[in-house]
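Coordinates in review
These are the residues of each chain, in order.
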Amino acid sequence: MRTHIYRLASSVLLLSALMSCRRDEAPQNRSNAHSTIDHLVIKEVFYPGHAYTQNFPKEYGQPAVQNWYSDDAYITIYNPSKQTLYLDSMAIVTNQIDPRVILEFAPGDNFINSYYGVNSIMCFPGKGKDFPVKPGQTIVIANYAVDHAKTFEKYLEDNGENLKEYEGYDQFLDLTKADFEWSPSTDKNNNPNVPDLMPISSGRAMATVAEAVGLALVRLPWSPATFAQFAKRDAEADKKSKVKNPIHYINVTNTHLKDFLAVEIPFDKVVDCMTICPRKRFQMRPSKLDKGFLGVNEEDFSSYNNENILKVMGLSLQRKFDGKGFVDTDNTTTDFEVKPASLSRKATTPEKPAEKPAK
């Protein structure tokens, strides 16, 4: 169970925490709510988590402590089209570029306009048509597909804590009905009854949805078995020898930043993508496929005091719905908005038309 603690009086919460597009060789202002979207879209991303309070007996003379819980993160995928689509052979991926940081590349290594440069790759199971998404259907992908309030309460009891001293954890999400989860199957809080997304290799797992990251839904251009063969090779040596390998060694010329490996996902394999970034910290686009960015927070979570951090707990990024359909203009700034997480225990009932496919 991961929890992070900061004091109400003075301490600062430290948090390390996810542009929607049809992916051709160049981004296009392709679709709005009045036209048909023919592919799956990222509908919502919840990543800030929730706050809860630990109160101490008066005789302790210790002020209450505010805590942060983020294991109830989730992503939703939606089918706005008029036909059944499939998640088999698809993956959720994160970009290698932190949009808060300006990178300077060696000649030929700037991949932003050439391909989607990936870090983590979480693959959906299935061998062809095992996991359909019907028109108008929303798929929930949870970090942990459990009732987080009950799980946390059990955690407190197992550790001998007095439940009466804790407040707020009853708002942790119930994700037991999620369709998939991305936590490792070996984790004690993993739900064995829910299908797992699997990392394409052990070093490419997604631990959490970060507060600054490019996120995408892609069709895998190779099988996990083929990728494993590429991963065994020396990417830096392959680059020097001009040997074809989708795992690229990227040379960064900023003296204070390290070189890294990026996995090439061709633009035409990117089904949908978005950029998550604190609104006042954006510096660099992860990909030309997205013209914008958005975050639930203005500054980095780590810079927020207690009052400000409480204002963003429980919020998510949700794709805009204008009454006729979901908007998809390849621009996270205009396609998404900040709202209370739709799966919150106190969330209002979503508009019924929002669950209908575009006509």
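Residues numbered from 1 in each chain as written. Predicted model: local features only at pLDDT ≥ 70, side-chain atom pairs only at ≥ 80, totals over all residues. Heavy atoms only, no water.

**Some thoughts on helix α1 (residues 148-158)**
Defined as follows: When accessible area is computed with a 1.4 Å probe and restricted to protein chains, residues below 20% of their type maximum are described as buried, those above 50% as exposed, and intermediate ones as partly exposed. Strands are runs of DSSP state E lasting at least two residues, helices are runs of H or I lasting at least four, and both sets are numbered from the N terminus onward. The arc in question is traced by the directions running from the helix axis to the C-beta atoms. Here a polar contact is recorded for every N or O atom pair within 3.5 Å, except that within protein the pair must consist of a potential hydrogen donor and a potential acceptor, and residues adjacent in sequence are included only if both atoms are side-chain atoms.
Along α1, the residues classified as buried are H148, A149, T151, F152 and L156. For α1, the angular spread of buried residues about the axis comes to 165°, placing them on one side. Opposite the packed face of α1, turned more than 90 degrees from it, sit the exposed residues K150 and D158. Among the residues of α1, the N-terminal cap falls to D147, whose side-chain oxygen and the backbone nitrogen of A149 are separated by 3.1 Å. Count one or two residues on from α1 and you reach G160, which has phi positive near 70°.

**Structural notes on the pattern of salt bridges**
Convention followed: We count a salt bridge whenever a side-chain nitrogen from Lys or Arg sits within 4 Å of a carboxyl oxygen from Asp or Glu.
With the rule as written, the count across this model stands at 13 salt bridges. A salt bridge links D300 to R100; the nearest nitrogen and oxygen atoms lie 3.3 Å apart. Within this pair, whereas D300 is found in the loop between β17 (270-276) and α4 (306-312), its partner R100 is found in the loop between β7 (90-95) and β8 (116-123), the two being separated by 200 residues in sequence. For the salt bridge of D109 with K239, the shortest nitrogen-to-oxygen distance reads 2.6 Å.

**Some words on the side chain of T329**
Note on placement: T329 falls in the loop between β18 (315-319) and α5 (332-335). For T329, a relative accessible area of 13% translates into the label buried. Among the polar contacts listed, one links the side chain of T329 to the side chain of D335, at a separation of 2.6 Å.

**A few points about the environment of P278**
Test applied: By definition, residues are in contact when any of their heavy atoms lie within 4.5 Å.
Here P278 shows up in the loop between β17 and α4. With a relative accessible area of 0%, P278 lands in the buried category. With sequence-adjacent residues up to four places away left out, P278 is seen in contact with R100, E211, A212, F293, N297, E298, E299 and D300.

**Here's the deal with the sheet that holds strand β19 (residues 336-340)**
The condition is simple: Note on pairing: DSSP must find at least two bridges between two strands before they are called paired.
The strand order across the open sheet formed by 6 strands is β12-β10-β5-β2-β18-β19, and the pairing between neighbours is mixed. The open sheet has two edge strands, β12 (180-181) and β19, and neither has a second partner. Looking at chain direction, β18 and β19 are connected through 5 bridges and run antiparallel. The residue bridging L315 from the neighbouring strand is P340, located in β19.

**Looking at the environment of S70**
Within the fold, S70 resides in the loop between β4 (65-69) and β5 (74-78). Dropping the residues within four chain positions of it, S70 is found in contact with P48, G49 and N143.

**Things to note about the pairing of β8**
Extensive coverage of β8 is indicated by the burial of 7 of its 8 residues. Inspection of the sheet shows β7 paired to β8 by 4 bridges, in the antiparallel sense. Each residue of the ladder has a partner; that of V93, found in β8, is I121. Bridging between β8 and strand β16 (residues 260-265) involves 3 bridges; their strand directions are antiparallel. Bridged to Y116 within β16 is I265. Here 2 bridges tie β8 to strand β13 (residues 198-199), and the two strands are oriented antiparallel to one another. Opposite M122, over in β13, you have P199 as the bridge partner.

**Quick notes on unusual backbone geometry**
Here S89, not a glycine, exhibits a phi torsion of approximately 65°, which is positive. Summarising the element assignment, S89 is placed in the loop between β6 (85-86) and β7. Positioned with a positive phi, D330 is a non-glycine residue whose angle comes to about 60°. As for its position among the elements, D330 is in the loop between β18 and α5. Overall, the relative accessible area of 0% leaves D330 in the buried class.

**Here we look at the pairing of strand β14 (residues 213-219)**
A large share of β14 lies buried, amounting to 6 of its 7 residues. Two elements, β14 and β17, share 6 bridges in a ladder whose sense is antiparallel. Its bridge partner lying in β17, L215 is registered against M274.

**Observations regarding the packing of aromatic side chains**
Between two aromatic rings, the relevant description is the distance of the centres plus the angle of the planes. Note the threshold: Only rings of Phe, Tyr and Trp enter the pairing, Trp through its six-membered ring, and a pair is recorded when the two centres are within 6.5 Å. The plane angle decides the type: under 30 degrees is stacked, over 60 is edge-to-face, the rest tilted.
Under the criterion given, the structure shown has 21 aromatic pairs. Note on F124 and F180: the rings are 5.2 Å apart at their centroids and 85° apart in plane angle, and the pair reads as edge-to-face. Highlighted residues: F124 in the loop between β8 and β9 (132-133) and F180 in strand β12, separated in sequence by 56 residues. Linked through ring pairs, Y52, Y69, F152, Y155, Y166, Y169 and F172 together constitute an aromatic cluster.

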